[in-house]
Amino acid sequence: MSILNQYKKIIKNIADYSFNSPVNLIVVTKGRSLTDIQQIINIGHTHFGENRVQESIKKWKDILKFNANIKLHFVGKLQTNKVVDVIRNFSFIHSLDNDKLALKIS
């Protein structure tokens, strides 16, 4: 099954079971090619998750230049030495597990 068909199936399942509650799907694209990702962007999806900082920056750099609506979510374990890169390149951080990290982010 193609990534686009998988995406459409998931969207249908969410619609069937969300009981009209708003749902924001974050498509995690680890290991997916830009060709795969572009198919989902082309139909209007804007929220994507990644868990590898350097790999993500390289993957998304050109796409973000042409699509300011895309929001990247960092969904992995964040290391303090990667905080600056994450803040510069991601819209959301979904993992915070210690005070030192919180202070570095602030």
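Residues numbered from 1 in each chain as written. Predicted model: local features only at pLDDT ≥ 70, side-chain atom pairs only at ≥ 80, totals over all residues. Heavy atoms only, no water.

**Section: the overall build of the protein**
Helix and strand counts for the protein come out as five helices and four strands. Its helices and strands taken in sequence order, the protein reads α-β-α-β-α-β-α-β-α from the N to the C terminus. Overall, the protein is about 40 × 35 × 25 Å in size when its C-alpha atoms are taken along their principal axes. Every one of the 106 residues in the protein was classed for burial, and the buried ones make up 30%. Residue pairs at least 24 apart in sequence account for 36% of intrachain contacts in the protein once pairs closer than 6 positions are excluded. Of the roughly 7,100 Å² of accessible surface on the protein, 52% is carried by carbon and sulfur atoms. Of note, the protein has its 16 positive side-chain charges centred 3 Å away from the centre of its 8 negative side-chain charges. (Helix = DSSP H or I, 4+ residues; strand = E, 2+ residues; numbered from the N terminus. Buried < 20%, exposed > 50% of the residue type's maximum accessible area, 1.4 Å probe, protein only. Contact = heavy atoms within 4.5 Å. Areas by Shrake-Rupley, 256 points an atom, 1.4 Å probe, with all protein chains shown as cover. Lys, Arg positive; Asp, Glu negative; His and termini not counted. Charge placed at Lys NZ, Arg CZ, Asp CG, Glu CD.)

**Remarks on the pattern of salt bridges**
This structure, assessed with the given rule, holds six salt bridges. Its salt-bridge partner being Asp36, residue Arg32 comes within 3.2 Å of it at the nearest N-O pair. What makes Arg32 partly exposed here is its relative accessible area of 32%. Taking the relative accessible area as the measure of exposure, Asp36 reaches 19% and is therefore buried. (Salt bridge = Lys/Arg side-chain N within 4 Å of Asp/Glu carboxyl O.)

**Here we look at the packing of aromatic side chains**
Within the structure shown, the criterion is met by two aromatic pairs. Ring plane angle 45° and centroid distance 5.0 Å describe the contact between Phe48 and Trp60, whose orientation is recorded as tilted. A residue pair is termed long-range when its members are at least 10 positions apart, and Phe48 in strand E2 (residues 47-50) and Trp60 in helix H3 (residues 53-66) qualify at twelve residues. Taking the relative accessible area as the measure of exposure, Trp60 reaches 0% and is therefore buried. Measuring from centroid to centroid gives 5.4 Å for Phe74 and Phe90, while their planes differ by 85°, and the two rings are edge-to-face. (Phe/Tyr/Trp six-rings, centres within 6.5 Å; stacked < 30°, edge-to-face > 60°.)

**Re the sheet that holds strand E4 (residues 92-93)**
If you trace the four strands from one edge of the open sheet to the other, you get E1-E2-E3-E4, paired in parallel fashion. In the strand order of this sheet, the two ends are held by strand E1 (27-28) and E4, each with one partner. Here E2 pairs with strand E3 (residues 71-74) via four bridges, running parallel. Across the sheet, residue His47 finds its bridge partner in E3, namely Lys71. Taken strand by strand, H3 contacts E2 and E3, and its axis lies near 155° from that of E2. (Pairing = 2+ DSSP bridges. Axes fitted to C-alpha atoms, helices over the stretch in contact; angles between N-to-C directions.)

**Describing the nonpolar core**
Generally speaking, a soluble globular protein has its nonpolar side chains buried in company with each other. Residues Ile41, Phe48, Trp60 and Ile70 are the most contacted members of the largest nonpolar core, which totals 18 residues. Among the secondary structure elements, those contributing two or more residues to this core are helix H1 (3-17), helix H2 (34-42), H3, E3 and helix H4 (83-89). Not counting chain neighbours up to four residues away, the residues in contact with Phe48 comprise Ile26, Val27, Thr29, Ile37, Ile40, Ile41, Trp60, Ile70, Lys71, Leu72 and His73. (Core = buried A, V, L, I, M, F, W, Y, C linked by side-chain atoms within 4.5 Å.)

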